[in-house]
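Remarks on the overall topology
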Amino acid sequence: MVDIIICDTREQKNQRILQYFEMHKIPYIEQKLETGDYMDSEKMDITIDRKQNLGELLHNMCSHDKIRFWDEIRRAHETGIRFIILCEHGGNYREIKDVAGYRDKHSKVPGRHLMNQMYRAQIAYGVEFVFCDKRSTGRRILELLGWFA
């Protein structure tokens, strides 16, 4: 069977990523995923969960709505799925410690708290955090799923 990228049907604002796949002749299908936004049909033990920026990540990990996201992290961990969060914030954010100085104009939650929650997810559930800019998201998804190994 041929590897196919599976894109979650609930993934929003991903047209540029799908265009990248099309431009590079990367086969993909859209279907509902239980964890994450992107998986390889032949390696269902890795999932990429894309976040448009640190604001979205902060909302998912620290708001009153956080239970659903943490449940997804736990579900991946319990089923042996490697969970990678790909945050498209770009700029000077390259690793978790860089998030300490983040300020979100829509939230009073300090960047240090988000950083601590990210470390918690990493230590307790093995979640990996990768940062990129929006121009390289399609390529980074493929790299993380092992397409260029």
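Residues numbered from 1 in each chain as written. Predicted model: local features only at pLDDT ≥ 70, side-chain atom pairs only at ≥ 80, totals over all residues. Heavy atoms only, no water.

Some thoughts on the pattern of salt bridges
For clarity, the cut-off: Any carboxyl oxygen of Asp or Glu that lies within 4 Å of a side-chain nitrogen of Lys or Arg is treated as forming a salt bridge with it. Accessibility here uses a 1.4 Å probe with only protein chains present; expressed as a share of the type maximum, an area under 20% marks a residue as buried, one over 50% as exposed, and anything in between as partly exposed.
Tallying each qualifying case throughout the model produces 15 salt bridges. Across the salt bridge formed by Lys51 and Asp49, the nearest N and O atoms sit 3.0 Å from each other. One salt bridge connects Lys97 with Glu95, and the closest N-O pair in it is separated by 3.6 Å. For Lys97, a relative accessible area of 49% puts it in the partly exposed group. Note on Glu95: relative accessible area 41%, which makes it partly exposed. Through salt bridges with shared partners, a single ionic network connects Glu11, Arg16, Arg50, Glu88 and Lys134.

Regarding helix α4 (residues 111-125)
Rules: A run of DSSP states H or I qualifies as a helix once it reaches four residues; a run of E qualifies as a strand once it reaches two. Both are numbered from the N-terminal end. Here the expected length of a helix is defined as 1.5 Å per residue gap, with one fewer gap than residues. In this description, the arc belongs to the directions extending from the helix axis to the C-beta atoms. Whether two residues are in contact is decided by their heavy atoms, any of which lying within 4.5 Å being enough.
The terminal C-alpha atoms of α4, which comprises 15 residues, lie 21 Å apart, in line with the 21 Å expected from a rise of 1.5 Å per residue. Among the residues of α4, those classed as buried are Gly111, Leu114, Met115, Gln117, Met118, Ala121 and Tyr125. For α4, the angular spread of the buried residues around the axis is 160°, confining them to a single face. Residues of α4 that are buried sit in contact with α2 (54-62), α3 (66-78) and β6 (128-131). One or two positions beyond α4, positive phi appears at Gly126, with a value near 75°.

A short note on unusual backbone geometry
For Lys13, which is not glycine, the phi dihedral falls at a positive 50°. Along the chain, Lys13 falls in the loop between β1 (5-7) and α1 (15-23).

Looking at the packing of α1 against helix α5 (residues 137-144)
The following threshold applies: Under this scheme, a helix contributes an axis fitted over its contacting stretch, all axes are lines through C-alpha atoms, and angles between N-to-C directions fall in the 0 to 180 degree range. What sets the label is the angle itself: under 35 degrees gives roughly parallel, over 145 gives roughly antiparallel, 65 to 115 gives roughly perpendicular, and the rest give oblique. Note: crossing handedness is left-handed where the near helix turns anticlockwise from the far helix by less than a right angle, and right-handed where it turns clockwise. Charged means Asp, Glu, Lys or Arg here, nonpolar means Ala, Val, Leu, Ile, Met, Phe, Trp, Tyr, Cys or Pro, and polar covers whatever is left, Gly included.
Interhelical geometry of α1 versus α5 gives an angle of 65° and a closest axis separation of 8 Å. Here α1 is positioned roughly perpendicular relative to α5, judged by the angle of their axes. The two elements α1 and α5 cross, and the hand of that crossing is right-handed. In this structure, α1 contributes Arg16, Ile17, Tyr20 and Phe21 to the contact, and α5 contributes Thr137, Gly138, Arg139, Ile141 and Leu142. Taken together, the residues that form the contact of α1 with α5 break down as five nonpolar, two polar and two charged.

Here's the deal with the packing of aromatic side chains
Stated formally: Any Phe, Tyr or Trp ring, taking Trp's six-membered ring, that has another such ring centre within 6.5 Å forms a pair; planes under 30 degrees apart are called stacked, those over 60 apart edge-to-face, and the others tilted. A positively charged side chain is recorded as over a ring if its NZ (Lys) or CZ (Arg) lies within 6 Å of the ring centre. The angle to the ring normal must also be within 35 degrees.
Summed over the entire model, instances satisfying the criterion amount to six aromatic pairs. Ring plane angle 65° and centroid distance 6.4 Å describe the contact between Tyr20 and Phe21, whose orientation is recorded as edge-to-face. By relative accessible area, Phe21 is classed as buried at 0%. Ring centres of Tyr93 and Tyr102 lie 6.1 Å apart, and the angle between their planes is 80°; on these two criteria the pair is classed as edge-to-face. Assessed through its relative accessible area of 18%, Tyr93 is described here as buried. Of the residues examined, Tyr102 reaches a relative accessible area of 7% and is grouped as buried. Ring pairing ties together the aromatic residues Tyr20, Phe21, Tyr28 and Tyr38, which thus form one cluster. The ring of Trp70 has Arg120 sitting right over it, with the charged end atom 4.1 Å from the ring centre.

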